[in-house]
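# A structural walkthrough
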Amino acid sequence: MNGWLVAAAAVLAVGLGTTLWGVATGPLGRRVVAQNLSTALVCPGLLLLSQGYGRTSYVDLALLLALLGPVGTLVFARLLADELAEDPPQAWAATWACAGAGAAVVLVLCVVAGPGRAMVKLLIVGALLVGGNLLASRALSGGFPGVSRG
């Protein structure tokens with residue numbers, strides 16, 4: 001057991017515990033936001049597990065999750081647009097906290113990895129993770145002004 005695995009366990013336990021609570025209880029808005037934030041928390045957990053176990057395949061899984069997680073949230077936002085329009089979810093504090101945690105994990109792992117292909121891959125994962133989840137949260141909270149839904 002090393003520090004990377006302890007950090008991964010902490011991120012996954014706290015993050016998944018709160019997102020499971022959000023998905024299991026509450027209105028539709030909270031459930032959709034919790035689903036979106038689960039991606040933002042599991043992805044850094046996978047990156048920390050990758051470093052802890054020394055397995056680069058976990059970075060590939062994190063890359064896939066960082067790409068497809070926000071896309072899934074955007075699909076939910078589109079399909080549930082009428083229900084979410086009545087009471088749009090507002091979870092900017094949680095969204096920014098998860099984005100900050102993801103960015104911090106990516107930056108620490110970039111320093112550890114050093115210059116090279118691994119660092120480029122980590123930066124791509126970080127950009128997709130933070131940008132995708134901020135975009136998906138914006139879509140959930142009412143969309144973008146001037147963009148038609150039809």
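Everything numeric in this text was worked out from a predicted model, so none of it was measured.

Scoring rules and cut-offs
- Residues numbered from 1 in each chain as written.
- Predicted model: local features only at pLDDT ≥ 70, side-chain atom pairs only at ≥ 80, totals over all residues.
- Heavy atoms only, no water.
- Helix = DSSP H or I, 4+ residues; strand = E, 2+ residues; numbered from the N terminus.
- Rg over C-alpha atoms; globule rule 2.2 N^0.38 Å.
- Buried < 20%, exposed > 50% of the residue type's maximum accessible area, 1.4 Å probe, protein only.
- Areas by Shrake-Rupley, 256 points an atom, 1.4 Å probe, with all protein chains shown as cover.
- Lys, Arg positive; Asp, Glu negative; His and termini not counted.
- Charge placed at Lys NZ, Arg CZ, Asp CG, Glu CD.
- Contact = heavy atoms within 4.5 Å.
- Patch = residues over 30% accessible without salt bridge, like charges linked within 9 Å, V, L, I, M, F, W, Y side chains within 5 Å.
- Salt bridge = Lys/Arg side-chain N within 4 Å of Asp/Glu carboxyl O.

This brings us to the overall build of the protein chain. For the protein chain, the count of helices and strands is six helices and zero strands. Mapped from its N terminus to its C terminus, the protein chain presents α and β elements in the order α-α-α-α-α-α. Over its C-alpha trace the protein chain gives a radius of gyration of 16 Å, about what one expects of a compact globule, namely 15 Å for 150 residues. Across its three principal directions, the C-alpha atoms of the protein chain cover 45 × 30 × 20 Å. With 150 residues in all, the protein chain has 37% of them scored as buried. Roughly 8100 Å² of accessible area belongs to the protein chain as shown, and the carbon and sulfur atoms make up 70% of that amount. Of the side-chain charges in the protein chain, 8 are positive and 5 negative, and the distance between the mean point of each set is 13 Å.

So, on to the side chain of Thr73. Inspection of the secondary structure assignment puts Thr73 in helix 3 (residues 57-79). Thr73 has contacts with Gln35, Asn36, Ala136 and Leu140, leaving out every residue within four places of it along the chain.

Moving on, we get to a negative patch on the surface. Residues Asp82, Glu83, Glu86 and Asp87 make up a contiguous surface patch of negative charge. Here Asp87 is to be found in the loop between helix 4 (81-86) and helix 5 (92-113). What makes Asp87 exposed here is its relative accessible area of 56%.

Attention shifts here to the pattern of salt bridges. By the definition in use, this model includes one salt bridge. When the shortest N-O distance is used, the salt bridge between Lys121 and Asp60 registers 2.4 Å. Here Asp60 lies in helix 3 and Lys121 lies in helix 6 (residues 117-140), a separation of 61 residues in the sequence. We classify Lys121 as partly exposed; its relative accessible area is 32%. A relative accessible area of 37% means that Asp60 is categorised as partly exposed.

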